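# Reading the structure
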Amino acid sequence: CNVSLLTAQKKAYKEGEWLNYRVHYGFITAGYAVLEVNDTQLHGRDVYHVKGEGRTIGISKWFFNVEDYYQSYIDKADEVPLRFIRKIDEGGYTKDIQIDFDHLTGKALVHNKKHNTIDNLPFPEDAQDMVSSLYYLRNNLDVGQLKDGDEILMNMFFDKENYKFKLKFLGREFIKTKFGKVACLVFRPYVQSGRVFKEKESLTVWISDDDNKIPLLIKADLAVGSLKATLTEFKGLKHSFKIVVD
């Protein structure tokens, strides 16, 4: 990571946090996505069990049915993933993978349940998974030091490979939400290289500029138009949610 932008911060989330998103093309609702955090134990260690779910609804299912499930077990003390689960069905394209991280040996046990294969692969010491990276950055990114154009680099282990994840800070702005006007930090996340992520996929994320640092809006500019995920409900936030009053 770009350590100049990472520092010990006030913790941004806690057990019980629940975020619900409406996924839509313009006014047309295509589906929903949910992120929730629970307490549990794994291998005798206290962990946050983060579950993410996304699925299409209504007429969208007839065009392109999506059922995605992600799970990450994050060690509370060290803020590193111990287990990552990715079970997806996107228009018939399926994956069912469980990754167990051994941070003593630096090896990840990758169990591909679809193809019934197991690989033991090396990963960098500070690597995060797809889900844990969001929660790590929420806790550790020093937003007070951010300047427009700053880039944060992070090692990410994804499926069977190590990637360099890059997050670019675009600036600060206010957006209108169903809860009121909210101050936001705007980021452009992408991976520098690889087959899974491509820089030309324009993804922008608006994060609440408060102690929670929750994603409020995610926008993906695609060839067929702009797909958005908008926060519609939340509960269990660790800190008060700041609404700007004109």
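The following refers to the structure shown. This one's a predicted model, so the numbers in the text were calculated from it and none came from an experiment.

Turning our eyes to something else, we now look at the overall build of the protein chain. Within the protein chain one finds 2 helices and 14 strands. Each principal axis of the C-alpha distribution contributes one length, and for the protein chain these read about 55 × 45 × 35 Å. Here the protein chain, with 246 residues, has 45% of them falling under the buried criterion. Relative to all contacts within the protein chain whose residues are 6 or more apart in sequence, the contacts with residues 24 or more apart total 47%. The averaged location of the 35 negative side-chain charges in the protein chain is 3 Å from the averaged location of its 36 positive side-chain charges.

The subject of this paragraph is the layout of surface pockets. Its volume calculated, the second largest pocket comes out at about 210 Å³. Around the second largest pocket, the lining comprises 13 residues; the ones closest to its centre are Arg45, Phe101, Asp102, His103 and Leu104.

A few words on the pairing of strand β5 (residues 81-90). The element β5 is extensively covered by neighbouring structure, given that 7 of its 10 residues are classed as buried. The pairing of strand β4 (residues 66-75) with β5 spans 9 bridges and is classified as antiparallel. For Asp68, the partnering residue across the bridge sits in β5 and is Ile88. With antiparallel pairing between neighbouring strands as the criterion, β4 and β5 make up a hairpin whose turn holds 5 residues, including Glu79 at a positive phi of roughly 55 degrees. Pairing geometry for β5 and strand β6 (residues 93-102), over 8 bridges, is antiparallel. Paired with Ile85 across the two strands is Gln98, which belongs to β6.

Here Asn20 shows up in strand β1 (residues 18-25). Excluding anything up to four places from it in sequence, Asn20 contacts Tyr32, Ala33, Val34, Thr230, Leu231, Thr232 and Glu233.

Calculation notes
- Residues numbered from 1 in each chain as written.
- Predicted model: local features only at pLDDT ≥ 70, side-chain atom pairs only at ≥ 80, totals over all residues.
- Heavy atoms only, no water.
- Helix = DSSP H or I, 4+ residues; strand = E, 2+ residues; numbered from the N terminus.
- Buried < 20%, exposed > 50% of the residue type's maximum accessible area, 1.4 Å probe, protein only.
- Contact = heavy atoms within 4.5 Å.
- Lys, Arg positive; Asp, Glu negative; His and termini not counted.
- Charge placed at Lys NZ, Arg CZ, Asp CG, Glu CD.
- 1 Å grid on protein atoms, 1.4 Å probe; cavity = no way out; pocket = protein on both sides within 12 Å on 5 of 7 lines; lining within 4 Å.
- Points joined across faces, edges and corners; volume = space filled by probe spheres on them.
- Pairing = 2+ DSSP bridges.

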